[in-house]
Amino acid sequence: MIFFIPIEVKIREFFSKTFLAYHIVKKGNEVIIGGQRNIPVNISKMQNCYWLDKNLFFKKVNKKNDMRYINNNFLGMLDEEGPISFFEKISSEMRYPKELINYYNTFLFWGREDLKVVNKKISNIKSKIVIGHPKYDLLKKPFIKIWDKEVNRIKNKYGKFILFNSSFRLRPSKIENRKHIITARENLKNKQKLKEALNRREKLYQIEEKNYLLTIELIKELAFENPNRNFIYRPHPNEDFDKTKLIFGSIPKNLHLVYKGEVTPWIISSDIFLHSGCTTVLEAATVRKKIICFIPFGKS
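Residues numbered from 1 in each chain as written. Predicted model: local features only at pLDDT ≥ 70, side-chain atom pairs only at ≥ 80, totals over all residues. Heavy atoms only, no water.

**So, the packing of aromatic side chains**
Inference 1: Considering all chains together, one arrives at 15 aromatic pairs under this definition.
Inference 2: Ring centres 5.7 Å apart and planes at 50° place the aromatic pair Tyr-158 and Trp-266 in the tilted group. Residue Tyr-158 is found in helix H7 (residues 148-158), and its partner Trp-266 is found in helix H11 (residues 264-269); the two are separated by 108 residues along the sequence.
Inference 3: Each ring, one from Phe-164 and one from Tyr-233, has its centre 5.3 Å from the other, and the planes form 20°; the classification is stacked. Pair noted here: Phe-164 is in strand E7 (residues 161-165) and Tyr-233 is in strand E8 (residues 230-234), with a separation of 69 residues, a long-range link.
Inference 4: Grouping aromatic residues by their ring pairs yields a cluster made of Phe-164, Phe-168, Tyr-212, Tyr-233 and Phe-248. (Phe/Tyr/Trp six-rings, centres within 6.5 Å; stacked < 30°, edge-to-face > 60°. Helix = DSSP H or I, 4+ residues; strand = E, 2+ residues; numbered from the N terminus.)

Take a look at the structure:
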């Protein structure tokens, strides 16, 4: 069988998806890795293939080259942006619309709590598997050694440092926020649920803006007060990095704004892991880092 594995954000997914492909090939199958938006165009004329999808957004049924090939192939889903048990209720509903569920043969989950969140919605799907995520396997022996070269490079350059992984994905710009509003309208057809989602979105946007500014203030203050310790601020993939630099303004030499390479070796290299609700905390916990959570407004 040919397995299609999509990648949406290369810097986030390349190593884990390649690792997964390696194990699939070991079982005697073929694997094609490609862009999340390009795979449906190429798979539509094929048969007996397996597409490991990353979400179930409703707007797929309106795309010319998506979904039409389903009867001749197999479709599974492992949410790349999980764990979904961390999502608010409206978000999980958007990611599992009833209009698409029956297209899928298999649902794969990061953990038991994820399965509980959507178990009723996918009750008629026979194959529901708690599988974890391959990126966590890459943090365990013997595979963790693949990061050694990059870990050594980072440690040699920065020594002991405190790493902050940003989870500020809502507030990069009003344009980005508008895109999320459009997504909600496309995926929530119930007017009451749409209204609740938009109201919730606006509240979250305001809370995140406060937490974002206070976090920057905190990190700058810590860096100024601890000149012998390095601090790394790593932005979220959706964050406008240029605007973040402007908001930081003048910074001490021991504070570094870095968005380079896979996040995993930075987590391994760090001395302390600081976050404001970033799911990469699960990776930090896997490698037993000292963890500090800073969320002055809203719930953790």
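**Points about the nonpolar core**
Inference 1: Among the nonpolar cores identified, the biggest contains 17 residues, and Leu-56, Tyr-96, Phe-107, Phe-109 and Ile-122 are the most heavily contacted of them.
Inference 2: Discounting chain neighbours no more than four positions away, the residues touching Leu-56 are Met-77, Arg-95, Tyr-96, Pro-97, Leu-100, Ile-101, Tyr-104 and Phe-107.
Inference 3: Counting residues in hydrophobic clusters, the runner-up holds 16 residues, among them Ala-21, Tyr-50, Leu-78 and Ile-268. (Core = buried A, V, L, I, M, F, W, Y, C linked by side-chain atoms within 4.5 Å. Buried < 20%, exposed > 50% of the residue type's maximum accessible area, 1.4 Å probe, protein only. Contact = heavy atoms within 4.5 Å.)

**Some remarks on the pairing of strand E4 (residues 74-78)**
Inference 1: Counting buried positions along E4 yields four of five residues, so the element is predominantly enclosed.
Inference 2: Here strand E3 (residues 49-53) pairs with E4 via four bridges, running parallel. Residue pairing across strands places Leu-52 opposite Gly-76, the latter belonging to E4.
Inference 3: Where E4 meets strand E5 (residues 106-109), three bridges bridge the pair, whose relative direction is parallel. Each bridged residue has a counterpart across the sheet, and for Gly-76 the counterpart in E5 is Thr-106. (Pairing = 2+ DSSP bridges.)

**Describing the pairing of E5**
Inference 1: Side chains Thr-106 and Leu-108 project from E5 onto one buried face, and the interleaved Phe-107 and Phe-109 project onto a second face that is buried too.
Inference 2: Two strands pair when backbone bridges link them, and E5 and strand E6 (residues 127-130) are joined in this way by four bridges, in the parallel orientation. Bridging from a neighbouring strand, Thr-106 pairs with Ser-127 of E6.
Inference 3: In this region the chain leaves E5, passes through helix H5 (residues 112-118) and returns to the parallel neighbour E6; the handedness of that crossover is right-handed. (Right-handed = clockwise from strand over helix to strand, strands pointing away.)

**Topic: the sheet that holds E3**
Inference 1: Read across the open sheet, the six strands follow the order E2-E1-E3-E4-E5-E6; overall the sheet is parallel. Two strands close off the open sheet at either side, each with one partner strand: strand E2 (30-35) and E6. Going across the sheet, the axis of each strand differs from the next one's by a mean of 20°, ignoring polarity.
Inference 2: Bridging between strand E1 (residues 2-7) and E3 involves three bridges; their strand directions are parallel. Bridge pairing links Phe-3 to Tyr-50 in E3.
Inference 3: Here helix H1 (residues 10-26) sits on the sheet in contact with E1, E2 and E3, set at roughly 170° to E1. (Axes fitted to C-alpha atoms, helices over the stretch in contact; angles between N-to-C directions.)

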